[in-house]
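As a plain string of letters, each chain reads:
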Amino acid sequence: AWSCGNNNRQSNPHHPLRISVSLSPPPPPSFSYREFLNFALTETERRTLLLPSPLQEKYSSLTAVDGTTDLQMLAFQSPPKIRLLRSLSIQNESMQVLDFAGFAKPEYDVPIFCANFFSTANINIIVLDLNPLHNMSDRKDYKEKYYEKLMDLGLRYAELLPWGGKLTSESLKFFSPIVIWTKFQSVDCMYENLYSAFTEYYKAWLQLIEEAAEETDDALVLSNREAQHRYLTWRAEKDPGHGVLKRLVGEMRAKDVIRNFLFHGIEELGSKGFLDYFPEYRCQDGTVNQNRSMIGKSFESRPWDASGEFIANNTED
Ligand code: BLA
């Protein structure tokens, strides 16, 4: 029921990103990312115990410096397996944003749930994935454990929500073979596809959480913890949403929300810094290079085959 046939063609990966949209009409009111969030929270409560996170007391809502944009933050935990389930929703007359993520405790090696949706009247920039904790070219077992049975799901939605074109090359290492990376123009049927993908990916993630067994080998728990810390460190420094957030709430508050809410765990799960994990970003004076990417953009088309093997098809870059 959610297929929109030829309308898929409306998503054009070569469409230039236009972010300044002050003169454009708002996105269709028929769709709201709040509904996505409602689905996820209801589904989580149905299957597990959902408790407020201590973060909720400090972070709940913010009004942007423009006096009108509303930023809503929600944070939960679900003992014993889910360390943090948090969302940031932003809504004003020209954009809608959802940043929703779920992190397991380090005793569980379950992938990270990641839904990052940025929408204006013209363009939607979408990442939906179960981000792997471990690199699957050295950890084939991790791919077998989690992704082989999800490939059908991934292939189905990769067709409905086609590859969004070149992106920051470094990001690929954080994505799984079932990642939905897409850009589309605002048409209702694409939101329907996205809603459907979101609900199925989220249910798949909850299922992985439900089935996960606690790791008892200390070395493996440590490796899960470090992998999650490295991921948080990357995103807290280089996530593409930081610019928008800084414009909305100012640099100081944005930094606080990023480090202590969105990517909470940076202080608790490890002590390494960004340059320890990503030394190629070190400038001569020892500071972090502010560029988002050292390699540049690549991957014009989806770089995994149908069985989820990584295929470096970007030789033209
Ligand atoms: C663009 N967001 C992007 C792009 C990606 C992502 C891949 C394309 C640009 C690029 O190649 O970097 C998302 N990248 C991710 C995610 C991971 C990653 C999820 O590496 C995880 C590992 N996006 C948000 C939020 C905002 C937002 C909260 O998630 C705003 C508050 C905005 N994303 C946003 C904007 C762009 C973008 C404005 C286009 C601008 C740009 O390309 O820099």
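Since this is a predicted model, take the numbers as computed values, not measurements.

The rules behind each value
- Residues numbered from 1 in each chain as written.
- Predicted model: local features only at pLDDT ≥ 70, side-chain atom pairs only at ≥ 80, totals over all residues.
- Heavy atoms only, no water.
- Salt bridge = Lys/Arg side-chain N within 4 Å of Asp/Glu carboxyl O.
- Helix = DSSP H or I, 4+ residues; strand = E, 2+ residues; numbered from the N terminus.
- Buried < 20%, exposed > 50% of the residue type's maximum accessible area, 1.4 Å probe, protein only.
- Contact = heavy atoms within 4.5 Å.
- Polar contact = N/O pair within 3.5 Å; in protein donor to acceptor, adjacent residues only side chain to side chain.
- Arc of directions from axis to C-beta.
- Near = heavy atom within 4 Å.
- Areas by Shrake-Rupley, 256 points an atom, 1.4 Å probe, with all protein chains shown as cover.
- Nonpolar A, V, L, I, M, F, W, Y, C, P; charged D, E, K, R; others polar.

A. Geometry of the pattern of salt bridges. Evaluated as defined, the whole model comprises 15 salt bridges. The residue Arg34 makes a salt bridge to Asp70 at a minimum N-O spacing of 4.0 Å. One end of the pair, Arg34, is in helix α1 (residues 33-47); the other, Asp70, is in strand β3 (residues 70-78), and 36 residues separate them in sequence. Residue Arg34 is classed as partly exposed on the basis of its relative accessible area, which comes to 28%. A salt bridge links Lys143 to Glu309; the shortest N-O distance between them is 2.8 Å. Of this pair, Lys143 sits in helix α3 (residues 140-146) while Glu309 sits in the segment after β10 (297-298), placing them 166 residues apart in sequence. Residue class for Lys143 comes out buried when judged on its relative accessible area of 8%. The class of Glu309 is partly exposed, set by a relative accessible area of 32%. When salt bridges that share partners are traced, they join Glu43, Arg46, Arg47 and Glu210 into one network.

B. Looking closely at the environment of Thr287. Residue placement: Thr287 occurs in the loop between α9 (274-277) and β10. With residues up to four places along the chain from it excluded, the contact list for Thr287 reads Leu275, Tyr281 and Arg282. Only 2.6 Å separates the side chain of Thr287 from the side chain of Asp285, close enough to count as a polar contact.

C. Geometry of helix α8 (residues 251-262). All of the buried residues along α8 are Ala254, Val257, Ile258, Phe261 and Leu262. In a view along the axis of α8, the buried residues occupy a sector of 120°, so they form one face of it.

D. Up close: the site of the ligand. Surrounding the ligand, one finds 22 residues, the nearest of these being Asn116, Leu167, Thr168, Ser171 and Arg292. Between the ligand and Thr168, the relevant distance is 2.6 Å, taken from an oxygen atom to a side-chain nitrogen or oxygen of the residue. A distance of 2.7 Å separates an oxygen atom of the ligand from a polar atom in the side chain of Ser171. In isolation the ligand has 830 Å² of accessible area, and contact with the protein removes 91% of it. Among the secondary structure elements, those contributing two or more residues to the shell around the ligand are β5 (95-104), β6 (112-120), β7 (123-131), β8 (167-168) and α6 (218-238). Counting residues per element, the shell around the ligand draws most heavily on β6, which supplies three residues. Of the residues that constitute the shell around the ligand, the class distribution is 14 nonpolar, four polar and four charged.

All quantities given are derived from atomic positions and should not be read as evidence of function.
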